Amino acid sequence: MVAEKVEKEAAGQLLDAMYLDLFHLIEEHTQCKVNLERANASGAILLARTRFQAGGSNSVSKAQIPTENSAEFNALCRVIKAKDENEINIERHAVDKANGYVEPLHWFSVLPPMSLRHAVTKFRDCIELVAESTNLQRQLTDVLISKLRQSVLQQ
């Protein structure tokens, strides 16, 4: 009888710890999503400001954007899966024209406006936040799966 009570107490403490972890992960994930929305909205406003300052809708032409006939280039930022864990990471490369890493910001101007540079920074932050949000979502899923397994084992 005493051993059964001790086992129930230990199971209750384990469940409490798991729920606490779950709530912390939910809170972190929600905060990450809010930060992502803020960064994205800020970047969009900065892009609109850049377009307004440059003269409206005719400031960027299709000729400035690369097409199939353009020279090949590599992405400066890649999403990669971590080898040892169930996470994703962001791999960034420095601008290196010899290896095909070009700065897309310079497709539009050699000296882009400061608002466009700030928008690029905001969107780079968005990429980091998306990776962080994805990792938190995976952790949250792992906690939920382990909780479901434990509840099945107890029944």
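For the structure, check the block above.
For clarity, every value in this text was computed on a predicted model and none was experimentally measured. (Residues numbered from 1 in each chain as written. Predicted model: local features only at pLDDT ≥ 70, side-chain atom pairs only at ≥ 80, totals over all residues. Heavy atoms only, no water.)

Turning our attention to the nonpolar core. Side chains that are nonpolar tend, in soluble globular proteins, to be buried together. Grouped together as the largest cluster of nonpolar side chains are 10 residues: Leu22, Leu25, Cys32, Leu36, Ala39, Cys126, Leu129, Leu136, Leu140 and Val143. Only α1 (2-54) and α2 (114-154) provide two or more residues apiece to this core. (Core = buried A, V, L, I, M, F, W, Y, C linked by side-chain atoms within 4.5 Å. Buried < 20%, exposed > 50% of the residue type's maximum accessible area, 1.4 Å probe, protein only. Helix = DSSP H or I, 4+ residues; strand = E, 2+ residues; numbered from the N terminus.)

A cluster of nonpolar side chains, Tyr19, Phe23 and Ile26, forms an exposed patch at the surface whose accessible area comes to about 290 Å². If you trace the backbone, Ile26 turns up in helix α1. (Patch = residues over 30% accessible without salt bridge, like charges linked within 9 Å, V, L, I, M, F, W, Y side chains within 5 Å. Areas by Shrake-Rupley, 256 points an atom, 1.4 Å probe, with all protein chains shown as cover. Salt bridge = Lys/Arg side-chain N within 4 Å of Asp/Glu carboxyl O.)

Another point: the environment of Ala75. Among the secondary structure elements, Ala75 is positioned in the loop between α1 and β1 (77-81). Ignoring sequence-local partners within four residues, the contact set of Ala75 consists of His93 and Tyr101. (Contact = heavy atoms within 4.5 Å.)

Next up on the list: the environment of His118. Looking at the secondary structure, you find His118 in helix α2. With 72 residues separating them in the primary sequence, His118 and Leu46 have C-alpha atoms 7.1 Å apart.

On inspection of all chains with the given rule, the structure shows 1 aromatic pair. Plain terms: the ring middles of Tyr19 and Phe23 are 6.4 Å apart, the flat faces sit at 25° to each other, and that makes the pair stacked. Taken together, the positions of Tyr19 and Phe23, both in helix α1 and 4 residues apart, correspond to about one turn of that helix. (Phe/Tyr/Trp six-rings, centres within 6.5 Å; stacked < 30°, edge-to-face > 60°.)

Let us look at α1. Note: α-helices contain 3.6 residues per turn, so residues at a spacing of three or four share the same orientation. With 53 residues, α1 extends 78 Å between its outermost C-alpha atoms, agreeing within 8% with the 78 Å of an ideal straight helix rising 1.5 Å per residue. Listed as buried for α1 are Met18, Leu22, Leu25, His29, Cys32, Leu36, Ala39, Gly43, Leu46 and Thr50. Positive backbone phi, at 115°, marks Gly55, one or two positions downstream of α1. (Expected span 1.5 Å × (residues − 1).)

This part covers the pattern of salt bridges. Note that side chains of opposite charge can pair when their charged atoms are close. On inspection of all chains with the given rule, the structure shows 4 salt bridges. Notably, a salt bridge pairs Arg92 with Glu128, separated by 3.3 Å at the nearest N-O pair. Taken as a pair, Arg92 in strand β2 (residues 88-92) and Glu128 in helix α2 lie far apart in primary sequence, 36 residues in all. Judged by relative accessible area, Arg92 falls into the partly exposed class, the value being 38%. Among the salt bridges present, the one from Glu103 reaches Arg124, with a minimum N-O distance of 3.4 Å. Here the residue Glu103 occupies a position in the loop between β2 and α2, and Arg124 occupies one in helix α2, the gap between them amounting to 21 residues. For Glu103, a relative accessible area of 16% corresponds to the buried category. You can call Arg124 partly exposed: its relative accessible area is 35%.

This part covers the side chain of Ser115. Residue placement: Ser115 occurs in helix α2. The class for Ser115 is buried, based on a relative accessible area of 8%. A polar side-chain atom of Ser115 sits 2.6 Å from a polar atom in the side chain of Thr50. Looking at Ser115, its side chain comes within polar contact range of the side chain of Gln53, at 3.4 Å. Setting aside chain neighbours within four positions, we find Ser115 in contact with Leu46, Arg49, Thr50 and Gln53. (Polar contact = N/O pair within 3.5 Å; in protein donor to acceptor, adjacent residues only side chain to side chain.)

Our focus in this paragraph is the side chain of Asn135. Counting through the fold element by element, Asn135 comes out in helix α2. Classification of Asn135 as buried rests on a relative accessible area of 12%. Excluding its chain neighbours within four sequence positions, the residues that come into contact with Asn135 are Glu87 and Ile88.

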